[in-house]
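Here's the letter readout for the chains.
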Amino acid sequence: MKKIPFLFGIMFLVSCKTPEETRIPCHAWLGGPGKATDAVLKAQFTDLKDKGIVRLMYSAGQDPAVYKRAGKIAKDCGLQFHAWIPSLTQNYNPKMKPEWYAVNGIGESAYDKPAYADHYHFVCPNRQEIYDYLDAMYGSIADLPEVDGIHLDFIRFPDVILAKGLWKKYGLVMDREFPQFDYCYCDKCVSDFKAQTGIDIKSVKDPSEVPEWKQFRYDLITRLVNHLAETVHARNKEINAAVFPGPNSIARKIVRQEWDKWNLDAFYPMNYNDFYLEGTAWIGEMCREGVTALNNEKPLYSGLFICPDPAAKASEPDPENHGLLPGELEAAIRESVSNGAAGICLFTPDRMTEEDWVVLEKALRTNYTGNK
Ligand SMILES: [Zn+2]
């Protein structure tokens, strides 16, 4: 009888074997677990670890029990496990009130009239109720020993300007800020801004020309992020975020993220070049801008958007199905790391082809930083 646990231990060691040391840290955004059993999750995580991934940013709703289960399996396989949970997009649930949702410049609420897409139910970042909700939600998950960190996403305003590669999909030409995509004009935001600056933003003909109004909204996001950082750090856990590229060239302008002011432990700019009609050299430029803005004081992991079906890319109209081809992946990694990124993050491992994995394995073992 005593042999059974011993055998179990051997099997465990074999199935969760540690791959050769890799040079470049590779993280991955991954959703789950759906109906996957523990055994299926274990096989999936072991496979990813063997392919060189060291950290999962795992998205599984808001139930701590799910993160506890998946996190235990991930950690048994030697993976770092971060809970990836959207912040300011919240589907309606009994805990959310309609008046907590963000309001655009023509008075429409993201509660029942979201911009662009059905999942764009953005809440207002300027409400105590939202602070309380996010505190409780993130706090309960950061409390879990199976969770190494919290990964914020949708920690921003809706895109007041869409990335250029998405204009066609939505039938828009966004050469300036339009009021129906500009948030938040709820009563609290309008009155707080008036109290702070004396400006009644609703009486201004073109709010995009008021720099104080822009700064007010950058600050709303920064204040919320830094508050959540305190919540998570109080539990001795890491907190980081998926952000738009920049911060100055894109993130501030289109989603009002001044992320170089955020008190986070790491940053994951979504350097999704096809969304901006750019190539791999641009990924390097974005990494350089980001690490410079952070004064090289915090790690930046370059988010890479992988093409799920390379053969169909040329005829695929939806940019969400575009992304890096196997022939571009090595250049994307090289551009990222040689321009200061601490590593990369894949969106997503499920989109990787066999050819991609071969390219990745070689690239992760390459020294792109020179003999500095
Ligand atoms: Zn508001």
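Points about the coordination of the zinc ion
Summarising the metal site, the zinc ion is bound by the protein donors C124 (SG), C184 (SG), C186 (SG) and C189 (SG), whose distances to it range over 2.3 Å. Each of the four donor atoms around the zinc ion contributes to a set of angles spanning 100 to 115 degrees, which defines the coordination as tetrahedral. Donor residues for the zinc ion sit on one chain with the sequence pattern C-x59-C-x1-C-x2-C. Pair noted here: C124 is in the loop between β3 (80-86) and α4 (128-142) and C189 is in helix α6 (residues 187-197), with a separation of 65 residues, a long-range link.

Thoughts on the environment of M286
Of note, M286 is situated in helix α9 (residues 280-293). Counting along the chain gives 16 residues from M286 to M270, while the straight-line C-alpha distance between them is 9.6 Å. When near neighbours in sequence (up to four residues on either side) are disregarded, M286 contacts P245, G246, S249, I250 and N271.

Observations concerning the confidence of the model for the protein chain
Put simply, the protein chain has an average pLDDT of 94, and 94% of its residues get 70 or more. Across the protein chain, element-level confidence peaks in strand β4 (residues 149-153) with a mean pLDDT of 99 and bottoms out in helix α1 (residues 3-15) with 47.

Points about the pattern of salt bridges
Applying the stated criterion across every chain yields a total of 23 salt bridges. A salt bridge links D159 to R156, with the nearest nitrogen and oxygen atoms 3.0 Å apart. Both residues of the pair, D159 and R156, count as buried. A salt bridge links K169 to E320, with the shortest nitrogen-to-oxygen separation between them at 3.4 Å.

Conventions we followed
- Residues numbered from 1 in each chain as written.
- Predicted model: local features only at pLDDT ≥ 70, side-chain atom pairs only at ≥ 80, totals over all residues.
- Heavy atoms only, no water.
- Donors = N, O, S within 2.8 Å, 3.2 Å for Na, K, Ca; no water.
- Tetrahedral: all angles 85-135°; square planar, octahedral: opposite > 155°, others 65-115°.
- Helix = DSSP H or I, 4+ residues; strand = E, 2+ residues; numbered from the N terminus.
- Contact = heavy atoms within 4.5 Å.
- pLDDT = per-residue confidence, 0-100.
- Salt bridge = Lys/Arg side-chain N within 4 Å of Asp/Glu carboxyl O.
- Buried < 20%, exposed > 50% of the residue type's maximum accessible area, 1.4 Å probe, protein only.

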